[in-house]
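# Architecture at a glance
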There are 2 protein chains.
Amino acid sequence: MLNKSALVYDDLKQKIDQEVYKLGTYLPSENQLCALYGISRETGRKALAGLADNGYIQKIRGKGSLVIEHRQYAFPVSGIVSYKELAHKLNVTTTNIVYEFEPQASLPYGSFASLGGEQTTVPVTAIKRVRVLNGEPDIIDKDYILKSVVPNLPRRAAEDSLYAYFEQELGLAISYATKEITMEPATAEDRERLHVDDSMWIAVVRSVTSLEDARAFQYTESRHRADKFRFRDFARRQPQPF
Amino acid sequence: MLNKSALVYDDLKQKIDQEVYKLGTYLPSENQLCALYGISRETGRKALAGLADNGYIQKIRGKGSLVIEHRQYAFPVSGIVSYKELAHKLNVTTTNIVYEFEPQASLPYGSFASLGGEQTTVPVTAIKRVRVLNGEPDIIDKDYILKSVVPNLPRRAAEDSLYAYFEQELGLAISYATKEITMEPATAEDRERLHVDDSMWIAVVRSVTSLEDARAFQYTESRHRADKFRFRDFARRQPQPF
DNA sequence: TAGTGGTCTAGACCACGTA
DNA sequence: ACGTGGTCTAGACCACTAA
């Protein structure tokens, strides 16, 4: 059972996607939403704030909540979404080849927290996978999962979906991630696994994912063929303090 | 004069940056914030929600608001921030060379709205600039600004800061943008202006920026040397509906 | 003038964590 | 048992847009 505001959010989002509320038109006013859903105004406003955050609407004072063009799901880096979830949304055939699985690896602690120059390492499960989209190997994913959080990660979780395993089987609450995108020349491993030559560049997405209690538990390096890489973003301007 | 919640947000953010509230410690509780600032709880909660959105804190039920590592300002694509603002934050010497300025250009309407196959064009001011960071030309910016919103854009605005001109001199309220990042091989123009050879790839950021009343008014194509490109992001996981 | 969103309040009840 | 955050409410006042 979700919140009232989340239910209203989902309902409005769905109606926007299905063009019950069309692009360029206004949603019902806040007072009308109160009556429609039997909620208080602040509750409806929370739902609307979520839609505005995610680029579905623009609120205009004195007028209403205008439905605007919103970002579609771009392939692989917007938000924290697993491949299985994305493939489902995009109707793409994905295959997932685990070519390395090391339950007893270790990783420098600095990968998880850029605190001091800690030289210690932490025990992790290391996984390397190739994502095959529509028959072409496009992405290498290297995942390192802390054994202190997930002691025994079954290989089948890597072959299916790590997120589904973490959330549905272990009950972990994944909360946020920091990501960094850079561009790098292809390595030998990239050339071999992605079938590209050394003139190809690679878009590298490094991320650290944390749980609701703020424990970082997963470090991921995702390596995309440059010519297949695409990232979409929606951003609101913050008042600049000068 | 800002909101109460914005004032509290700014004050807390500043205290986190200055390590009055240190990484790994908890902010005062919501009830304490009410007393400290003389506000109601929902007002304080709005400030905290903003800090959580921007990756400053993680709220943990039953415990409090934990200060976490937050994204620094990465160079050029996080949020909607102008170069002048970024250069100020990062203490980098930037120069800005306007090498093309065309007050009577036109652009296909489709660049602004991916509606139908509209074949009309719209009048724009076209600007091409090279950004020189620490003595190296790293970025080409191509801006197209709708003449219906900004009829007479002075060249000096392009030489200084477009955003400062829009916001401070024209009083335009810049609200949101959609961006797309892709990678492309260097063109002849890239090679000439950025002093790279044809083995270099280019990170291309295309964006459409809109005002508070949801009018799209600026289309930008920002072309970065791949080896200098870096983008940092903070994302929270949304509940997935299946 | 009437309707819209923007902000703030004081209070209530719940769920979770700690002791 | 107590303090924490999570949610919701009913009402108030303000600023902006439109007719």
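Note: the structure precedes this text.
We now turn to the structure provided with this report. Just so it is clear, the model here is predicted, and its values are computed rather than measured.

## Focus on the protein's contact with DNA strand D
Neighbouring residues of DNA strand D: 24 residues in total, closest A:Lys4, A:Ser40, B:Glu30, B:Arg41 and B:Glu42. If you look at DNA strand D and keep only atoms within 4 Å of the protein, 66% of those are sugar or phosphate atoms. Measuring from a base nitrogen of DNA strand D, one finds a side-chain N or O atom of B:Glu42 at 2.3 Å. Here the surface near DNA strand D is composed, by residue class, of 2 nonpolar, 10 polar and 12 charged.

## Examining the interface of chain B and chain A
With 50 residues of chain B at the interface, the matching set in chain A holds 50 residues. Of the roughly 4500 Å² buried where chain B meets chain A, counting both sides, 52% is carbon and sulfur surface. Across the chain B-chain A interface, the total number found is 3 salt bridges. The salt bridge partner of B:Glu167 is A:Arg237, with a shortest N-O separation of 2.8 Å. Counting every contact that joins chain B to chain A gives 15 residue pairs in polar contact (both at pLDDT 80 or more). Broken down by element, the residue count for the side of chain B that touches chain A peaks at 10 residues, all from strand 6 (residues 174-185) of chain B. Per-class residue counts for the side of chain B that touches chain A are 22 nonpolar, 12 polar and 16 charged. In terms of strand pairing, strand 9 (residues 230-236) of chain A meets strand 6 of chain B through 7 bridges, oriented antiparallel. Within strand 6 of chain B, the position partnered with A:Phe231 by the bridge is B:Ile181.

## Points about the protein's contact with DNA strand C
Residues in contact with DNA strand C amount to 25 residues; listed here are only the nearest, A:Glu30, A:Arg41, A:Glu42, B:Lys4 and B:Thr43. Of all atoms in DNA strand C that approach within 4 Å of the protein, 66% are sugar or phosphate atoms. In this structure, B:Asn3 approaches DNA strand C through a side-chain N or O atom, which is 2.9 Å from a phosphate oxygen. One nitrogen or oxygen atom from the main chain of B:Lys4 is found 2.4 Å from a phosphate oxygen belonging to DNA strand C. For the surface near DNA strand C, the secondary-structure elements that each account for two or more residues are helix 2 (30-37), helix 3 (41-53), strand 1 (57-60) and strand 2 (64-67) of chain A together with helix 1 (4-17) and helix 3 (41-53) of chain B. Residues that form the surface near DNA strand C fall into these classes: 2 nonpolar, 11 polar and 12 charged.

## Points about the relation of the copies chain B and chain A
Superposition record for chain B on chain A: RMSD 0.0 Å, screw rotation 180°, translation along axis 0.0 Å. Considering both components of the superposition, the chain copies are consistent with a two-fold axis. A high fraction, 100%, of the interface residues of chain B reappear at the interface in chain A, so the copies pair face to face through one surface.

## Some details on the sheet that holds strand 4 (residues 121-133) of chain A
Spatially, 7 strands are ordered 3(A)-4(A)-5(A)-8(A)-7(A)-6(A)-9(B) in an open sheet, and the strand pairing comes out antiparallel. Every other strand in the sheet has two partners, leaving strand 3 (94-108) of chain A together with strand 9 (230-236) of chain B as the edge strands with one partner each. The average angle at which neighbouring strand axes cross in this sheet is 15°, direction not considered. Both strand 6 (residues 174-185) of chain A and strand 7 (residues 201-211) of chain A contribute to a ladder of 11 bridges, which runs antiparallel. Within strand 7 of chain A, the position partnered with A:Tyr176 by the bridge is A:Ser210. Across the sheet, helix 6 (residues 162-169) of chain A touches strand 4, strand 5 (136-146), strand 6, strand 7 and strand 8 (216-225) of chain A, and the angle it forms with strand 8 of chain A is around 160°.

## Focus: the pairing of strand 8 of chain A
Residue and element names in this part refer to chain A. Counting buried residues in strand 8 gives 9 out of 10 residues, a clear majority hidden from the surface. Where strand 5 and strand 8 come together, 7 bridges link them in antiparallel fashion. Along strand 8, the bridge assignment pairs aspartate 141 with serine 222. Strand direction decides the pairing type here: strand 7 and strand 8, joined by 9 bridges, are antiparallel. Within strand 8, the residue paired with arginine 206 across the bridge is glutamate 221. Following strand 7, the chain reverses through 4 residues before pairing antiparallel with strand 8; alanine 214 in that reversal takes a positive phi of roughly 75°.

## What to know about the environment of A:Thr182
When you line up the elements, A:Thr182 lands in strand 6. For the pair A:Thr182 and A:Arg223, spaced 41 residues apart in sequence, the C-alpha separation works out to 9.8 Å. Here A:Thr182 is in contact with A:Ile202, A:Ala203, A:Val204, A:Arg206, B:Phe229 and B:Arg230, once residues within four sequence places are set aside. Separated by 3.2 Å, the side chains of A:Thr182 and A:Glu184 make a polar contact.

## A word on the pattern of salt bridges
Evaluation of the coordinates by the stated rule reveals 45 salt bridges over all chains. In this structure, A:Glu221 engages A:Arg206 in a salt bridge whose closest nitrogen and oxygen atoms are separated by 3.6 Å. Of this pair, A:Glu221 sits in strand 8 while A:Arg206 is found in strand 7, placing the two residues 15 residues apart along the sequence. Relative accessible area serves as the criterion here: at 23%, A:Arg206 is assigned to the partly exposed category. Of the charged contacts, one joins B:Arg206 and B:Glu184 as a salt bridge, the two residues approaching to 3.0 Å between their closest N and O atoms. Within this pair, whereas B:Arg206 is found in strand 7 (residues 201-211), its partner B:Glu184 is found in strand 6, the two being separated by 22 residues in sequence. Through salt bridges with shared partners, one network takes in A:Glu136, A:Asp138, A:Arg225, A:Asp227 and A:Lys228.

Definitions and limits used
Each residue is numbered by its place in its chain's sequence as written, counting from 1. For this description, chains carry letters from A and ligands carry numbers from 1, given in the order in which they are written. Per-residue local features are limited, in this predicted model, to residues with pLDDT of at least 70; the limit for side-chain atom pairs, both in listing and counting, is 80 or more; totals at the level of whole chains, interfaces and linings are taken over all residues. Computation of side-chain values covers all heavy atoms of the structure but excludes hydrogens and water. Nearness is defined per residue: one heavy atom within 4 Å of the molecule or strand is enough. Here a polar contact is taken to be a pair of N or O atoms separated by no more than 3.5 Å, where protein atoms must pair a possible hydrogen donor with a possible acceptor and residues adjacent in sequence count only if both atoms sit in side chains. Residue polarity follows a fixed list, in which Ala, Val, Leu, Ile, Met, Phe, Trp, Tyr, Cys and Pro are nonpolar, Asp, Glu, Lys and Arg are charged, and the others, Gly among them, are polar. Residue contacts are counted whenever heavy atoms from the two residues lie within 4.5 Å of one another. By buried area we mean how much accessible surface two parts lose on assembly, using a 1.4 Å probe and totalling the loss over both. For this analysis, a salt bridge means a side-chain nitrogen from Lys or Arg found within 4 Å of a carboxyl oxygen belonging to Asp or Glu. A run of H or I in DSSP becomes a helix once it reaches four residues, and a run of E becomes a strand once it reaches two; helices and strands are each numbered from the N terminus. Strand pairing is assigned whenever DSSP detects at least two bridges linking the two strands. Each copy is superposed on the other by least squares, with the fit set by C-alpha atoms of residues at a pLDDT of at least 70 in both. Axis lines are fitted to C-alpha atoms, over the contacting stretch for helices. Their N-to-C directions set the angle, which ranges from 0 to 180 degrees. The buried label applies to any residue whose accessible area, calculated with a 1.4 Å probe on protein chains only, is under 20% of its type's maximum; exposed applies above 50%, and partly exposed to all values in between.

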